[in-house]
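What follows is each chain in one-letter form.
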Amino acid sequence: MRPGPLAALWWTGLRRNLAMTASVIVTITICLAMLGAGLLLRAQVHTIDRYLLGQLEVVVDLTDAITPAQRSALEADLHADPAITAVRYESKQQVFDRFRRDFRGSPDVVAGVAPEDLPAALRLTLADPRTSGDVVVTYTGLDGVEAVRDQRALLAPLYRFLDAFTIGAFTLAAVQALASFALIYTMIRISAHGRRRETAIMRLVGASNGTIRAPFVLESAVAGVVGGLCAAGLLVATKVLLVDGQFTRQSTFPLFDWSAVWESAAAVLAVGLFAAAAMASLALRRHLRV
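The structure displayed is predicted, hence computed values, not measured ones. (Residues numbered from 1 in each chain as written. Predicted model: local features only at pLDDT ≥ 70, side-chain atom pairs only at ≥ 80, totals over all residues. Heavy atoms only, no water.)

**Points about the side chain of Glu75**
- Relative to the elements of secondary structure, Glu75 occurs in helix α3 (residues 68-80).
- With relative accessibility at 19%, the residue Glu75 sits in the buried group.
- Residues in contact with Glu75, not counting those within four places in the same chain, are Tyr89 and Leu122. (Helix = DSSP H or I, 4+ residues; strand = E, 2+ residues; numbered from the N terminus. Buried < 20%, exposed > 50% of the residue type's maximum accessible area, 1.4 Å probe, protein only. Contact = heavy atoms within 4.5 Å.)

**Examining a nonpolar patch on the surface**
- On the surface, a cluster of nonpolar side chains totalling about 420 Å² of accessible area is made up of Val240, Leu241, Trp258 and Trp262.
- At the level of elements, α10 (209-246) and α11 (258-283) are the ones that each hand at least two residues to the nonpolar patch.
- Within the secondary structure, Val240 is located in helix α10. (Patch = residues over 30% accessible without salt bridge, like charges linked within 9 Å, V, L, I, M, F, W, Y side chains within 5 Å. Areas by Shrake-Rupley, 256 points an atom, 1.4 Å probe, with all protein chains shown as cover. Salt bridge = Lys/Arg side-chain N within 4 Å of Asp/Glu carboxyl O.)

**Topic: the nonpolar core**
- In this structure, Val24, Ile28, Leu32, Leu35, Ile184, Ile188 and Val268 are the most contacted members of the largest nonpolar core, which totals 25 residues.
- Those elements giving two or more residues to this core turn out to be α2 (18-53), α8 (156-194), α10 and α11.
- Excluding its chain neighbours within four sequence positions, the residues that come into contact with Val24 are Leu183, Ile184, Met187 and Ala223. (Core = buried A, V, L, I, M, F, W, Y, C linked by side-chain atoms within 4.5 Å.)

**Remarks on α11**
- Over its 26 residues, α11 runs 37 Å from end to end, which matches the ideal 38 Å to within 8%, given 1.5 Å per residue.
- Ala260, Val261, Ser264, Ala265, Val268, Gly272, Ala276, Ala277, Met279, Ala280 and Ala283 are the residues of α11 that are buried. (Expected span 1.5 Å × (residues − 1).)

**Notes on the pattern of salt bridges**
- All told, the structure shown has nine salt bridges when counted by the stated rule.
- Glu90 serves as the salt-bridge partner of Arg98, at 2.7 Å between the closest nitrogen and oxygen.
- In this structure Arg98 comes out as partly exposed when scored by relative accessible area, which is 22%.
- Taking relative accessible area as the criterion, Glu90 reaches 7% and is therefore assigned buried.

**Observations concerning the sheet that holds strand β4 (residues 145-150)**
- Spatially, four strands are ordered β2-β3-β1-β4 in an open sheet, and the strand pairing comes out antiparallel. Each having just a single partner strand, β2 (84-90) and β4 make up the two edges of the open sheet. In this sheet, neighbouring strand axes are inclined to one another by 20° on average, regardless of whether the strands run parallel or antiparallel.
- For strand β1 (residues 58-62) and β4, the ladder comprises five bridges, and the chain directions are antiparallel. Bridging across to β4, Val58 finds its partner in Asp150. (Pairing = 2+ DSSP bridges. Axes fitted to C-alpha atoms, helices over the stretch in contact; angles between N-to-C directions.)

**Here we look at helix α6 (residues 132-139)**
- Along α6, the residues that are buried comprise Ser132, Val135, Val136 and Tyr139. An end-on view of α6 places all buried positions within 100° of arc, on one side of the element. Within α6, the exposed residues directed more than 90 degrees away from the buried face are Asp134 and Val137.
- Elements in contact with the buried residues of α6: β1, α3, β2, β3 (121-126), β4 and α7 (151-154).
- Directly beyond the C-terminal end of α6, a positive phi value near 90° is found at Gly141. (Arc of directions from axis to C-beta.)

**Overview of the packing of aromatic side chains**
- Under the defined criterion, the tally for this structure stands at one aromatic pair.
- Ring centres 5.3 Å apart and planes at 25° place the aromatic pair Trp258 and Trp262 in the stacked group. One end of the pair is Trp258 and the other is Trp262, both in helix α11 and four residues apart, which spans about a single turn.
- The exposure class of Trp258 is partly exposed, given its relative accessible area of 31%.
- Just above the ring of Tyr89 sits the side chain of Arg71; from NZ or CZ to the centre is 3.5 Å. (Phe/Tyr/Trp six-rings, centres within 6.5 Å; stacked < 30°, edge-to-face > 60°. Lys NZ or Arg CZ within 6 Å of the ring centre and 35° of its normal.)

**Quick word on the layout of surface pockets**
- Of the pockets and cavities examined, the largest pocket occupies roughly 850 Å³.
- The wall of the largest pocket is formed by 24 residues, among which Arg98, Asp102, Arg123, Gln151 and Leu154 lie closest to the centre.
- Within the residue set of the lining of the largest pocket, elements represented by two or more residues are α2, β2, α4 (92-102), β3 and α7.
- Its boundaries defined by the atoms lining it, the second largest pocket holds a volume of some 580 Å³.
- The wall of the second largest pocket is formed by 21 residues, among which Leu41, Gln44, Val243, Phe247 and Phe256 lie closest to the centre.
- Only α2, α8 and α10 provide two or more residues apiece to the lining of the second largest pocket.
- No other element matches the seven residues that α2 contributes to the lining of the second largest pocket.
- Residue composition of the lining of the second largest pocket, grouped by class: 18 nonpolar, three polar and no charged. (1 Å grid on protein atoms, 1.4 Å probe; cavity = no way out; pocket = protein on both sides within 12 Å on 5 of 7 lines; lining within 4 Å. Points joined across faces, edges and corners; volume = space filled by probe spheres on them. Nonpolar A, V, L, I, M, F, W, Y, C, P; charged D, E, K, R; others polar.)

**Here we look at the pairing of β1**
- Buried residues dominate β1, accounting for five of its five residues.
- Judged by which residues are buried, β1 turns out to be covered on both faces: Val58, Val60 and Leu62 on one side and Val59 and Asp61 on the other are all buried.

The structure is reproduced here in structure tokens:
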């Protein structure tokens, strides 16, 4: 079918089902916005992970009874381990200075601790921080070792929090997707029923199912694209107003950059276009069955 007649049929269908089309666009926008939010939250998790991987260490707390020979043997084993790139010793005073610096906002906590209350430690830098669990298991329980602490494990609650929000966003997107598909299905069937005389005439003159289906699929695809554009606009607004506006003052973790926004926007546009077009094609199968 030539573009001119196809556009005319699409415009006719749009005018006949304007309210339904608007409802579909709103529902698709909500669905794709939740999908985009889930993608941005996942990007934030990856951003935090990349940032922390180069900074987190494994800390080996030493017992007060460790002998010089035991400490030398332990350090030799650590230096020989290919998973460990650097070993740094901290005395009780250095550990206390770090503790006091980390808890400078809680003077009551610092006041109750003295240098002799804290163990000396060996701080390990790993070639791949993701292998920290293996390092903890390997060196826990050795002579002179009081405990082996994985700093990455301390952030597990943060990762669980972000993962929970990500899963929640994807779940809401899935629920909204069901509503969107139901609306698209209803819109296409109503539109097809309203144009049944036109489609009957097109059949009589030899039009193929693909030709008859094209205006309806285009109608649905346009609704998907418009919903995708609205959702992409919401993602950009979130980045400008919330991430770069409200959260920019925090310095604990880096925030996702604009590349994550553009990737998420492209994803929601693609999903909006192809999912809406596919649902329209599916809705027309029974209508066009001979």
